[in-house]
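The residues making up each chain are set out below.
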Amino acid sequence: MNIDWQGAGDVQSIFGSLIEDELNAHVKERDQNSIVIPNEVIEKFARLGLYKYNLPGRFGGRDAGYYQWGKVLEELGYLSQDTSFPFLISVRMSVITFLIAVDRQGIVDQFVDPLVQGALGGAFAYTENADAFSFKSNARPEQGGESYILNGVKHLVTGGETADLFIVFVRSETSDMQVFLVKSDDPGVEVAPRIMHGVRSFGMATLSMSDVVLGKERLLVATDGLSFAQRYFLNCRRSLQTTLFLGRARAVIEETIGYLKKTVRYGVPLVDMQHVQANIGEMYIALETARTVVFHSLERQARGESDPYWDVISSTAKYHAVEEINFIATMSLKLTGGWGYTESIGIGRAHRDFTALIAGADPQEKLKVDLGLRMVHELDMIQQRDQYKEV
């Protein structure tokens, strides 16, 4: 492993021993048994300032922005053999930035610092296997809006198994979307672990709410919660969450080349065969084109140039990166055969982990439809403007 790749040595100098002792040393056991990374491990990283990279300066952070935070996540993905870790970290950091964006002094004062220090962990409870206009989870006001009663089920909550706080998106009585802060120990809340195909250590869970009574201070967004979700949760994370997988894809390429160098066929190391070299070239091209478009999208976000509600470049970057990292994992298995597929090597595990993003942050096929519709709409608008000018 080249720890100087993309500045990974900087991250290793701070977190290297924790990555090796708390993550890499346990990755096989956790993966085989779907054991979630414990909160105490996350807290050790937080105490060393991991969340402060993307934290605003007024909260004692570096205010690095999405581009630099994406770089950190990429480096963590490169150094950590457990992709679940940087995935979970990225979600918990997004919960922190979401609460800061809500800008409710009582909420910020009570929860942001414990989240930054790792004493608490947060998760988003959004998905119901339906579009936002068809959510069944709901909130009913009581006592003239002094309290609310929440009911519903959120089927897939990333990091939910070990979360203390949930940002919950529900339908209001007027069919608007509202956003509430729910605690894992609120009466009526039940969290059930879910076993996943890949990234098995990040604690996917189902959140069930049965007559959960919350005071009005827990209502974070009263109206138009969908727009808030798009701006501070869905859209801003779409390309960001691919960065950690790009780091792991680079490690997979390095592991593949290491195997090909020491494996001889017909008296020749596999790495010296031109067809194999061409395959390596394809993997390298896939990685660097994906990195280029992803970090271009994050630069645009950092400069405030992207559409905060649904950005074409971020969506395109997510789609392209997911296709390319899955190509890299598949090509690695083709080149390494049974060696790469063994649990001890981890390439097969990376292949399973990479497929998580085929379904997550908008499924790949849905993104194609959305991007196609956007293109048709843009051309229709241009045509209408041209017709208006002619008149």
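Since the structure is predicted, the reported quantities are computational estimates derived from the model, not experimental observations.

Asks: How should the pairing of strand β5 (residues 177-183) be read in this particular structure?
Replies: Remember that side chains alternate between the two faces of the sheet whenever the strand is regular. Of all the seven residues making up β5, six are buried; the element is thus mostly covered by neighbouring parts of the structure. Where strand β4 (residues 165-171) and β5 come together, seven bridges link them in antiparallel fashion. Considered in β5, the bridge of leucine 165 is made with lysine 183. In textbook terms, the turn of a hairpin is the stretch between consecutive antiparallel strands, and for β4 and β5 this stretch comprises five residues, one of which, serine 175, has a positive phi near 70°.

Asks: It is not clear to me how the packing of helix α8 (residues 243-262) against helix α12 (residues 347-354) should be interpreted in this structure. Could you clarify?
Replies: In a packed pair of helices, the relevant descriptors are the angle between the two axes and the axis-to-axis distance. For the pair α8 and α12, the least separation of the axes is 11 Å and the interaxial angle reads 155°. Classified by the angle between their axes, α8 and α12 sit roughly antiparallel to one another. With respect to the hand of their crossing, α8 and α12 are arranged in left-handed fashion. Each of Phe245, Arg248, Ala249, Val252, Glu255 and Thr256 in α8 lies in contact with α12, whose residues at this interface are Ile347, Ala350, Asp353 and Phe354.

Asks: Teacher, can you tell me more about the packing of aromatic side chains here?
Replies: Ring pairs (aromatic) are described by centroid distance and by the angle formed between their planes. Applying the stated rule across the entire model yields 18 aromatic pairs. Each ring, one from phenylalanine 124 and one from phenylalanine 233, has its centre 4.0 Å from the other, and the planes form 20°; the classification is stacked. One end of the pair, phenylalanine 124, is in strand β1 (residues 122-125); the other, phenylalanine 233, is in helix α7 (residues 225-237), and 109 residues separate them in sequence. Phenylalanine 124 gets classed as buried once you look at its relative accessible area, which sits at 6%. Taking 5.2 Å as the distance between ring centres and 65° as the angle between the ring planes, the aromatic pair formed by tyrosine 148 and phenylalanine 180 counts as edge-to-face. Residue tyrosine 148 is located in strand β3 (residues 147-157), and its partner phenylalanine 180 is located in strand β5; the two are separated by 32 residues in the primary sequence. Considered together, tyrosine 148 and phenylalanine 180 belong to a single accessibility category, that of buried residues. By the ring-pair criterion, three or more aromatic residues cluster together here, those being Phe98, Phe124, Tyr126, Phe135, Phe169, Phe228, Tyr232 and Phe233. One Lys or Arg, arginine 62, reaches over the ring of tyrosine 53 and ends 4.2 Å from the middle of that ring.

Asks: Explain the pairing of strand β2 (residues 138-142) here, please?
Replies: In this sheet, β3 lies alongside β2 in antiparallel orientation, the contact comprising five bridges. Note that in β3 the partner of glutamate 142 across the bridge is serine 147.

Asks: Can you help me understand unusual backbone geometry in this one?
Replies: Residues other than glycine predominantly adopt negative phi, and peptide bonds predominantly adopt the trans conformation. With a phi angle near 55°, glutamine 143 is a residue other than glycine that sits in the positive phi range. By secondary structure assignment, the location of glutamine 143 is in the loop between β2 and β3. On the basis of relative accessible area, glutamine 143 is assigned to the exposed category, the value being 62%.

Conventions used here
Residues numbered from 1 in each chain as written. Predicted model: local features only at pLDDT ≥ 70, side-chain atom pairs only at ≥ 80, totals over all residues. Heavy atoms only, no water. Buried < 20%, exposed > 50% of the residue type's maximum accessible area, 1.4 Å probe, protein only. Helix = DSSP H or I, 4+ residues; strand = E, 2+ residues; numbered from the N terminus. Pairing = 2+ DSSP bridges. Axes fitted to C-alpha atoms, helices over the stretch in contact; angles between N-to-C directions. Parallel < 35°, antiparallel > 145°, perpendicular 65-115°, else oblique. Left-handed = near helix turned anticlockwise from the far one by under 90°. Contact = heavy atoms within 4.5 Å. Phe/Tyr/Trp six-rings, centres within 6.5 Å; stacked < 30°, edge-to-face > 60°. Lys NZ or Arg CZ within 6 Å of the ring centre and 35° of its normal.

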